[in-house]
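# Examining the three-dimensional arrangement
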Amino acid sequence: MDVFDGNSSEHANLPRNMIENSMFEEEPDVVDLAKDSTAFPTFPALDPDEVAYEPCSSRLLVRGLGENDMDEDEEDCESSARLLGMSFMNRSSAHRSASSPFSRQSPPRTCSRPSARTMVVCVLFLVIVASMTMVLYFLPGCNFTRTGCRKPNKTTPIESVYPLSTNGELFPWAQLRLPLSIRPLSYDLTLNPDLDYMTFTGRIVINMAVLHNRKCIVLHGSNLNITKATFKLGDGQVHDVTVLEFKPKQQLAVKFSEELKAGQHCVLTLDYSAKLSHTYDGFYNSSYSDKDGNKRVLAATQFEPLSARKAFPCFDEPAFKATFLIKIIRKPNYMALSNMPKANSTPLHNGLVQDEFEKTSVNMSTYLLAFIVANFAPNSKNVSETVVSVYSVPEKKEHTYYALDTASKLLKFYNEFFEIDYPLKKLDLVAIPDFLAGAMENWGLITFRETTLLVGKQSSPLEKQVVASVIAHELAHQWFGNLVTMRWWNDLWLNEGFATYMQYMSLQTVLPKLDIGNLFLAVRFRALDKDALNSSHAVSTEVNTAEQVEEMFDSVSYEKGASILLMLNTSLPGDQQFRKGIIQYLKQFSGSNTDTDDLWNSLTQVKVSTQHQNISEMMSSWTSQKGFPLVTISRKGDQVNLTQEHFLLTTDNATHTSSLWNIPVTYVNDSCSLAPECRQVFTLNTKSGTFKLPESVKWLKLNYRNTGFYIVHYGDEGWAALKDALSKNISVLTNDDRASLIHNIFALSRLGRVSFDQVLNVLKCMSKETETSPVTEALLQLNRIYGLLDKRQETNIVSRMKKYILAHFGSLMNKQTWEEEDSVSKQELRSALLQTACSLAEENCTQQAKSLFKTYVESNGTFRIPGDLQQVVFTVAAQSDEDWSTLLSMYHYVTYDAEKRKMLQGLASTQDTRRLVWILNAGLKGDHIQTQELPLVISTVCNGFAGYLFAWDFIQENWDRLIEKFPVGSFAIQSIIKSATSQFSTQAHLDQVQAFFFSLKERGSQMRSVQEALETIRLNQRWMDRNLSTLRNWL
Ligand SMILES: [Zn+2]
């Protein structure tokens, strides 16, 4: 799955230009409407309650970092938050004791007042019992169980406590993971969705093999109303059975009086009914307006990770692979799609049609199954043995050509690269109008957001880059994930890290003009930033709850996973070992499941050179522990000394871990620094290591082109030598290396190893920098600090910081054009520079943007704003009353999703509090703004001073509704928490965030992103404490 929708908070930290798809197709309908002012709807009336609304947190902060001078109102706010927390605690514990499925009912008792004698006897009795218990307990080696003292080293199984099913019977299973004794072999699923009433009925026939003797079958099912259940063992009779349900774990069970015996086969048939989901997972309904403004409905699926069970009873874990035969009943005016090609269509007596799809030719995991009932139009092409089709709503068929062409090229590339042909006869790529994730790799039926699949003829290369990279990611999954699947979600990175790595790698070969390298570099920087926190986790990490499964979809699984694969590939001798290793891995485990060790073993087994390296040994240090190393270098004579330690951002100034990594340290020096041949490698697998270098070498740059996942500290002398070299000639290092120095110096400042003066000195020696990667990295880092200062209302420093940024980048900003630009890299650079300039209200920039917007509105559809500049222009326009309303009207009529999103970001960037409240509520309600866009709305709102306070209060007040839309732990929730809290830097806000999340208990308090939020606030606070005085003096 590509969880990143192109605008998520993970990516929001990237230079925006790098990830945001903006596009403007000449759509006569849209532009005509824009011109015809009578067609604009008026701004929706604001609810008086909303207008009067003032966030508590705004008052806390606005009064100068408030924690020391709270007035009564503020104290009320805080204490009400605490009281709220208490009431939640009370409610949840009361609720638990009343309804816990684990509770056992105690027999009714009568109460009478005991006599004094009875009480004395009872007390004596209790004292004796307690003493005996103590004596027994302290007997050496005694372990207590229900059966008394258990002798050590004897494996007496402790009786499990089984929960109660919904009907009051004991449910025969008490664990999250299903028992391994029964294995599904094939599913035969018939579905009958009713798009008028948003319900569906289904019949599932599951063929199973019994692997171990067992008296029950346990499988998954969630919110399914089972109406009939029958069972057949071997050649025996079909008979009715009762299905038990344990809702908290979404499990179903059938119990038998006699054991099913290993080697037997059996068939379970279940009829059921359910509602189509109104969220974005399971079998869900979705709607959109067609070009005539009519509402159209469709039903689609999103099963990864845990939602196949919401559409049909199944063994919903990735290791339970099976074959599937799907039949879908539909109205004649709809079409149905599933993973496999359609085998036949049968008209039914009730006027409906049943489509039957071919049985899957491969064994697959349940999360990869998919089906859609909609009105879509295809655009198809043959590639080798596969029919590739791109589906969209009919009026957007024109926008499918680029995706079709790109998918065909990439399919050909992967077929050759992996030396295994894509195994299905068809590959559909479908743009769904309302879809939460970026895309989902269902085998043979990949689903996308419209933004990540559709582009028009006039789209800019940057817009195409987004589409191409999502397609490349999802296609790579057809091998990594679909053909070979992780055994359990703890190794999700085997799917996602690989698909992410392949997405960049394949595009560099297949579509080099897209300049994907800049984006990959920026993505690696962000992965380092996240992994530096104590709340991070190992790439391969234990997962024991549904929330933890959801949380695995984060930048560690995706981007750190991809980064360590890049590091491995670039550190292996020759260019074929990596490829040969993964081919061996795919062939060896084709159709089955793996864990991380299987991958490293396959890569180790392939020997293409005499230089043997134990990859397993090297790479397990990167996948089994969280974080990454800081490599510090010092030189004495011809000795170069390297040391490693955990780069851990903590507020107590100390690193406490004894982690060690096996680091392939690469380096270049002043005699040869640009070409790949200059690169030398030193393996640092101990705390410190030494190598020799002639004293005449003036400087060293480690981590050549930042292909390694570590940060380097050069020490005072090392940094001075590099600065000296760069001041004379900036081109002594590659663009990637210069960007890497900028990233590393900011990271070291956050760690507290260098002062902010040193950071500014490094920037100073690169004042002539004009290349995309270093400039965008510097802008991103400075904007982060600017944002923190702005939110603290450090008005003096803010205005001086603004002057600094404009002085440093001003001439480069002024050189940017506002016309169409062909180069992706130049678009990325221009968009980052102009977005910063306009957000700092630089006169030239805002004037240009305003005039472009005016021309665009007045042009009668003949003028197009270049795609990479649309967001700058819409954001500037949205700051004026009149243009905000114009933009809102256009937003309602634009059918093209990419452009619509740029407009939405413009609308959400307003500083008008009435409008902010309206837009947040509209996103939650899903009427004017689709709920899929709410995380984007929140992250955009949080960028502005007025907005981020409202957003934080909005999230607190609407938490329950948010987790109803987006599951606890999901990427959307992670993104919302990060957007709302990452700019806090005061004790008052830390307390508030802590109190709120603590009060949530099982509704989200345990999320890793909560820990991340708290850590980030503490680190922001520390950075401010340390550097505010420097900033005051320096700027
Ligand atoms: Zn993916």
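Before any of the text, the structure's been laid out above.
Since the structure is predicted, the reported quantities are computational estimates derived from the model, not experimental observations.

### Some remarks on helix α31 (residues 971–981)
- Of all the eleven residues making up α31, eleven are buried; the element is thus mostly covered by neighbouring parts of the structure.
- For α31, the set of buried residues is F971, A972, I973, Q974, S975, I976, I977, K978, S979, A980 and T981.

### Describing the sheet that holds strand β31 (residues 711–713)
- Ordered in space as β29-β26-β25-β31, the four strands form an open sheet in which the pairing is mixed. Every interior strand has two partners, whereas the edge strands, β29 (688–692) and β31, have only one. The sheet shows a mean angle of 25° between the axes of neighbouring strands, direction not considered.
- The pairing of strand β25 (residues 629–636) with strand β26 (residues 639–646) spans eight bridges and is antiparallel. Within the sheet, the bridge partner assigned to L630 lies in β26 and is E645.
- Contacts from helix α18 (residues 735–751) reach β25 and β31 within the one sheet, and its direction differs from that of β31 by about 75°.

### Re unusual backbone geometry
- In this structure, P305 follows E304 across a cis peptide bond, with omega equal to 0°.
- Position of P305 relative to the elements: it lies in the loop between β12 (295–302) and β13 (323–330).
- Residue Q250 is not a glycine yet carries a positive backbone phi of 55°.
- Looking at where Q250 falls in the secondary structure, it is placed in the loop between β8 (244–246) and β9 (251–260).
- For Q250, a relative accessible area of 23% translates into the label partly exposed.
- Phi at R705 takes a positive value of approximately 55°, unusual for a residue other than glycine.
- Among the structural elements, R705 can be located in the loop between β30 (700–702) and β31.

### Things to note about the environment of E769
- As for its placement among the helices and strands, E769 is situated in the loop between α19 (756–765) and α20 (772–791).
- Take E769: its relative accessible area is 8%, and that puts it in the buried class.
- For the pair E769 and F809, spaced 40 residues apart in sequence, the C-alpha to C-alpha distance is 9.0 Å.
- Apart from residues lying up to four places away in sequence, E769 is in contact with I730, R738, P774, V775 and L812.

### Remarks on the state of the cysteines
- Counting across every chain of the model gives two disulfides.
- Note that C672 is cross-linked by a disulfide to C678, the S-S spacing being 1.8 Å. Negative torsions about the S-S bond denote left-handed disulfides, and the value of about -70° found for C672 with C678 makes this one left-handed.
- When its relative accessible area of 33% is taken as the criterion, C672 is described as partly exposed.
- Since its relative accessible area comes to 8%, C678 is described here as buried.
- What pairs with C838 in a disulfide is C845, and their sulfur atoms sit 2.0 Å apart. On the S-S bond that ties C838 to C845, the torsion sits near -100°, and the link is left-handed.

### Examining the nonpolar core
- Membership of the largest hydrophobic core comes to 318 residues, with the highest contact counts inside it found for F312 and W959.
- Leave out the neighbours within four places in its chain, and W959 touches I973, I977, F996, F997, L1000, R1003 and M1007.

### A closer look at the pattern of salt bridges
- Scanning the model with the defined rule gives 41 salt bridges in all.
- For R864, the salt bridge goes to E463, with nearest N and O atoms at 3.7 Å. In this pair, R864 is assigned in the loop between α23 (843–858) and α24 (870–877) and E463 in helix α9 (residues 461–477), connecting sequence segments 401 residues apart. With respect to burial, R864 and E463 carry one shared label: buried.

### Some thoughts on the packing of aromatic side chains
- The tally for this structure, following the rule as stated, stands at 50 aromatic pairs.
- Between F418 and W479 the ring centres are 5.2 Å apart and the planes differ by 40°, which places this aromatic pair in the tilted class. Note that F418 is positioned in helix α8 (residues 401–418) and W479 in the loop between α9 and β23 (485–486), a separation of 61 residues in sequence.
- Look at W479 and you get buried, because its relative accessible area is 1%.
- The ring of W488 carries the charged tip of R177 above its face, separated from the ring centre by 3.8 Å.
- Taking the ring centre of F520 as reference, the NZ or CZ of R524 above it sits at 4.7 Å.

### What to know about the coordination of the zinc ion
- Bound to the zinc ion are the protein donor atoms M1 (N), M1 (O), H473 (NE2), H477 (NE2) and E496 (OE), situated 2.0 to 2.6 Å from the metal.
- Linear spacing of the donor residues for the zinc ion on their chain is M-x471-H-x3-H-x18-E. Taken together, the residues span a long stretch of sequence, with H473 in helix α9 and E496 in helix α10 (residues 492–510) at a distance of 23 residues.

### Focus: the side chain of D598
- Topologically, D598 is positioned in helix α15 (residues 596–605).
- Buried and unpaired, D598 has R487 as its nearest opposite-charge partner, separated by 4.1 Å.
- The residues touching D598, leaving out its near neighbours within four places in the chain, are R487, Y585 and F589.

### Thoughts on the packing of helix α22 (residues 824–839) against α23
- Between α22 and α23, the least distance of the axes is 7 Å, while the angle of their chain directions is 105°. For the element pair α22 / α23, the angle class is roughly perpendicular. For the pair formed by α22 and α23, the contact residues are L834, A837 and C838 on the first element and C845, T846 and A849 on the second.
- Tallied by class, the residues present in the contact of α22 with α23 amount to five nonpolar, one polar and no charged.

### A short note on the sheet that holds β30
- Judged by pairing direction, the sheet is antiparallel, and its three strands sit side by side in the order β28-β27-β30 without closing on themselves. Of all the strands in the sheet, the pair left with one neighbour each is β28 (680–684) and β30. Across the sheet, the mean angle from the axis of one strand to that of its neighbour is 35°, orientation sign disregarded.

### As for the packing of α18 against α19
- Put simply, α18 and α19 touch, their axes get as near as 9 Å, and they point 170° apart. Taken together, the axis directions place α18 and α19 in an arrangement best described as roughly antiparallel. Two secondary-structure elements touch here, α18 through I742, I745, F746 and S749 and α19 through F756, Q758, V759, V762 and L763.
- Tallied by class, residues from the contact of α18 with α19 come to seven nonpolar, two polar and no charged.

About the cut-offs
- Residues numbered from 1 in each chain as written.
- Predicted model: local features only at pLDDT ≥ 70, side-chain atom pairs only at ≥ 80, totals over all residues.
- Heavy atoms only, no water.
- Buried < 20%, exposed > 50% of the residue type's maximum accessible area, 1.4 Å probe, protein only.
- Helix = DSSP H or I, 4+ residues; strand = E, 2+ residues; numbered from the N terminus.
- Pairing = 2+ DSSP bridges.
- Axes fitted to C-alpha atoms, helices over the stretch in contact; angles between N-to-C directions.
- Contact = heavy atoms within 4.5 Å.
- Disulfide = S-S within 2.5 Å.
- Core = buried A, V, L, I, M, F, W, Y, C linked by side-chain atoms within 4.5 Å.
- Salt bridge = Lys/Arg side-chain N within 4 Å of Asp/Glu carboxyl O.
- Phe/Tyr/Trp six-rings, centres within 6.5 Å; stacked < 30°, edge-to-face > 60°.
- Lys NZ or Arg CZ within 6 Å of the ring centre and 35° of its normal.
- Donors = N, O, S within 2.8 Å, 3.2 Å for Na, K, Ca; no water.
- Lys, Arg positive; Asp, Glu negative; His and termini not counted.
- Parallel < 35°, antiparallel > 145°, perpendicular 65-115°, else oblique.
- Nonpolar A, V, L, I, M, F, W, Y, C, P; charged D, E, K, R; others polar.

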